[in-house]
Amino acid sequence: MAAEGSEDLSGNGELEDSSAMEASETPPPPPAETAEMPEENGGGAVAPEATEATVAPEATMGPGPASFSMPPMVEDEEGELPADFERLWKVAHDNPQDFTSWTDLLQYCEQESHITASRRALGAFLARYPLCYGYWKKFADLERRAGYNSKAEEVCVEGLQAIPLSVDLWIHYINLLLGTLDMNLPESPKRIRSVFEQAVGAAGLDFHSDRLWDLYVEWEKEQGEMRAAAAVLDRVLQVPTQLYSSHYDKFKAHLNSQEPKEVLAPEEYEELRAACRQSQKAERAEQAQDEEEERPPGEEEPATPEGKDSEELMQKIREQVLSGRDKVYQQNEGEVRKRWHFEDAIKRPYFHVKPLDRVQLRAWHSYLDWEIAQLNKDTKDPSQEPNQEAEEGSEATPQAQEGSEGSDEVSSNDHRVRILFERCLIACALYEEFWTRYVQYLEPQSLDEARAVYRRACEIHLTHKHTIHMQWATFEERHGDLTEARRVLESLENTLPGLAVVRLRRAGLERRAGQLDESEALLREAVAQSKEKPSLHAFYSIKLARLLLKLGRNPGKARGVLQEALDISPDNSKLHMNLLELEVAGDPRGSAEAVQECVTRALAAPLSPRTKILFSQRGMQYAEDYGNSIQSVLFIYEEHQKLLKELGGKKRGAENGDNEDPEKLSKADDGSAVSVAPQVPPTMPHVPITTPPPPMMGSDTQGGYGGYSNWYQQPQYGNYNYQNTWNYNQGYYPPS
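Everything numeric in this text was worked out from a predicted model, so none of it was measured.

Along the chain, the regular secondary structure elements total 32 helices and 0 strands. Considering the chain as a whole, with its 736 residues, one finds that 43% of them fall into the buried category. Taking the contacts inside the chain whose residues are at least 6 apart along the sequence as the reference set, 68% of them involve residues at least 24 apart. If you sum the accessible surface of the chain, you get close to 39100 Å²; carbon and sulfur atoms cover 49% of it.

Structural data, given as structure tokens:
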């Protein structure tokens, strides 16, 4: 639902002009070496999620302030919807890609305080735009205000399944449970802790996950679990987050405010305590040796209480703990420093339908490149030479241990790469390139995970992008799942009817699977369905004819398809050309008449003069190559001359290369340019032979025929590249 009044909403349903999003609250970058980092990827402004993390480091433990500002709703009877609901609903469903029509519908439902209409609108909206975490929060608040706590939980769970990296939604869900569960029951704290673990497991590695970790720590403190709170702080100290330094400060404060025994794990405490007591004994032994000389005779050394640690011992334990944690902190600070300028360059980490600029897209690509490069670098063992053999004996065990540690590190870095991809696919959900890149990363590791990414992209976010659907179908076919590949292409064609490249891909899939009958049936269906669109009908007819001729070995059926198409589109030169090529490819002893019929049909069709001349030339070439008598060849030649005169004149001659540019001819004569005409002996006068010479009156007609022989072999007439003029592999909608 949209907010009341004139306030603008972001794509997530949150107010954009919030005072909690001031860039002045942005924490400073890591202190060391940050001045040397490149800043070409962005300025100093920080994304909204980052600033929210700085404004509220201490998350509220109870339910937060209601973000759904409307009076309590009452369940309405089914069918009693507000007056304008159906109108706004129809506008949104008629154009589901229009985000504004959806927000208008949601705002109207909110103003009417109608729970049935709101449920229906929010359910349909979030099914299409599930990454808008703010609307999931509003939906949950709607159910809770109406008294349906279980439904509110279901909404949160469904939202977290759609966007598990949303720190805000996890916090909202936890606060909902804290406000609805009876914490006096023993199972309630267990459930809350379980949800916290799910939250940090799903979103804890996000750079802006500080509020989630802080909420977890504070809740453990409220439960009196000081050791558990310290363990959570220990974990977050190893996570590179925006507020990494504040976690170390909180750990030190927590350690100093409690006895080490109450904070540390028993094993770590006993180990540090023993080491510190041993150190104390050594120091006291030295002091005792010095004091014994000054002690009066008969006076014994005072006893040291063994039951309780002294303040001095506890302080030594704290110093040892912080000494070890400081190394972890320094290492984590280095990781934050490496990522800081990448994070700073990301200005919109949340989903919105508005396009991202190129700078933002490059920033995501650069960040992914770097994170993947880090993983690849850790995968290689720099200490081991390529040809070095493993040493035997006592060194086998240490090497195995090092390998295990390296494997854990690689697994951790792989998880970071996946988290970054998931973050990227929130902000860039409408860009195919990032989905494709994620699939390419996952495919070598798990086909099921790669398939799941394709499913999310094609069935939720990119339902009208044909390219990624076809990539998915190719993926399934490549891995042997032809049934799924068929389903993907069929679903895409139902979504985008009339897209020729999809129907061709379906026919090609069946052909590659050995189902020629099914491939033919798909093309015949396309031919039948496109009769109202002559251009598309001709295209499919040509494809079907080629299939029947080349693979079906049935020229009769192919001829029939092309002739039927010519009855509908007699002015389509490609149909004439394909029919002519079919006849030319047949047996010359029985195809001469059919070839000339094709030429005659083309000359009688409403084609351009240039196209008719090309067909006539093609007929002459066939007669010259396969004619049975010289009389038939000369007859066809005479008909061609008549056609040239009918369509000719200087203009038609220029179209066929008759009138060469005088400057070009002069350059050809002096050798400065290459001429396509055959070289003429120097003793002969230069006569362009782009057209055959007219027959001489009263002389032997063999002279004209000889000129024709030289003329038709010129390169500009020998090329018959009609297949290249039809770029069928491009996705297009036929002209209306």
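Take unusual backbone geometry next. Here Ser 113, not a glycine, exhibits a phi torsion of approximately 55 degrees, which is positive. Inspection of the secondary structure puts Ser 113 in the loop between helix 3 (99-112) and helix 4 (115-128). The phi dihedral of Arg 553 falls on the positive side, at around 50 degrees, and the residue is not glycine. Mapped onto the elements, Arg 553 comes out in the loop between helix 23 (534-551) and helix 24 (555-568).

Before going further, it helps to examine the packing of helix 10 (residues 226-236) against helix 11 (residues 244-257). Two elements in contact, helix 10 and helix 11, have axes separated by 9 Å at closest approach and are oriented at 150 degrees. Viewed along their axes, helix 10 and helix 11 adopt a mutual orientation that is roughly antiparallel. Once helix 10 is placed against helix 11, the crossing between them reads as left-handed. In contact with Met 226, Ala 229, Ala 230, Leu 233, Asp 234 and Val 236 of helix 10, helix 11 contributes His 247, Lys 250, Phe 251 and His 254. The residue makeup of the contact of helix 10 with helix 11, split by class, is 6 nonpolar, 2 polar and 2 charged.

The next subject is the confidence of the model for the chain. When pLDDT is averaged across the chain, the result is 77; 69% of the residues are at 70 or more. Taking the mean pLDDT of every element in the chain, the minimum, 35, falls on helix 1 (residues 48-55) and the maximum, 97, on helix 17 (residues 432-442). Low pLDDT (under 50) marks residues 382-403, which in the prediction has 3 contacts with non-local residues, meaning those over four places away or in another chain. Counting interchain partners and residues more than four positions distant, the pLDDT-below-50 stretch residues 649-736 has 96 contacts.

In the structure shown here, the tally under the stated rule is 41 salt bridges. Here Glu 449 and Arg 418 are joined by a salt bridge, their closest N and O atoms 2.8 Å apart. Taken as a pair, Glu 449 in helix 18 (residues 447-461) and Arg 418 in helix 16 (residues 396-427) lie far apart in primary sequence, 31 residues in all. Glu 449 gets classed as partly exposed once you look at its relative accessible area, which sits at 32%. Residue classification places Arg 418 among the buried positions, given a relative accessible area of 18%.

Aromatic ring pairs are defined here through the distance separating the ring centres and the angle between the ring planes. Following the criterion strictly, the structure yields 20 aromatic pairs and no others. Between the aromatic rings of Phe 99 and Tyr 129, the centroid separation amounts to 5.1 Å while the plane-to-plane angle is 80 degrees, which identifies the pairing as edge-to-face. Taken together, the positions of Phe 99 in helix 3 and Tyr 129 in the loop between helix 4 and helix 5 (133-145) put the pair 30 residues apart, joining distant regions of the chain. Just as Phe 99 is buried, Tyr 129 falls in that class too. Taken together, the aromatic side chains of Phe 99, Trp 102, Phe 125, Tyr 129, Tyr 135 and Phe 351 make up a single cluster linked through ring pairs. The ring centre of Tyr 148 lies 5.0 Å from the NZ or CZ of Arg 119, which sits over that ring. Note that Arg 120 overlies the ring of Trp 89, its terminal NZ or CZ placed 4.3 Å from the centroid.

Over its 18 residues, helix 23 runs 25 Å from end to end, which matches the ideal 26 Å to within 8%, given 1.5 Å per residue. Where helix 23 is buried, its residues contact helix 21 (500-512), helix 22 (516-529), helix 24 and helix 25 (573-584). Residue Arg 553 follows helix 23 closely and has a positive phi angle near 50 degrees.

So, on to the side chain of Ser 101. Within the fold, Ser 101 resides in helix 3. Within the structure, Ser 101 has its side chain in polar contact with the backbone oxygen of Asp 98 (distance 2.7 Å). If we ignore the near neighbours within four places in the chain, the residues touching Ser 101 are Val 91, Ala 92 and Asn 95.

Next up on the list: the state of the cysteines. Following the criterion strictly, the structure yields 0 disulfides and no others. With no disulfide of its own, Cys 424 lies 4.0 Å from the sulfur of Cys 428, the closest cysteine sulfur.

This part is about the nonpolar core. Formed by 127 residues in total, the largest nonpolar core has its most connected members in Leu 105, Phe 125, Leu 212, Cys 428 and Phe 434. With 9 residues, the top contributor of residues to this core is helix 7 (residues 167-180). Leave out the neighbours within four places in its chain, and Phe 125 touches Phe 99, Trp 102, Leu 106, Cys 132 and Tyr 135.

Calculation criteria
Residues numbered from 1 in each chain as written. Predicted model: local features only at pLDDT ≥ 70, side-chain atom pairs only at ≥ 80, totals over all residues. Heavy atoms only, no water. Helix = DSSP H or I, 4+ residues; strand = E, 2+ residues; numbered from the N terminus. Buried < 20%, exposed > 50% of the residue type's maximum accessible area, 1.4 Å probe, protein only. Contact = heavy atoms within 4.5 Å. Areas by Shrake-Rupley, 256 points an atom, 1.4 Å probe, with all protein chains shown as cover. Axes fitted to C-alpha atoms, helices over the stretch in contact; angles between N-to-C directions. Parallel < 35°, antiparallel > 145°, perpendicular 65-115°, else oblique. Left-handed = near helix turned anticlockwise from the far one by under 90°. Nonpolar A, V, L, I, M, F, W, Y, C, P; charged D, E, K, R; others polar. pLDDT = per-residue confidence, 0-100. Salt bridge = Lys/Arg side-chain N within 4 Å of Asp/Glu carboxyl O. Phe/Tyr/Trp six-rings, centres within 6.5 Å; stacked < 30°, edge-to-face > 60°. Lys NZ or Arg CZ within 6 Å of the ring centre and 35° of its normal. Expected span 1.5 Å × (residues − 1). Polar contact = N/O pair within 3.5 Å; in protein donor to acceptor, adjacent residues only side chain to side chain. Disulfide = S-S within 2.5 Å. Core = buried A, V, L, I, M, F, W, Y, C linked by side-chain atoms within 4.5 Å.

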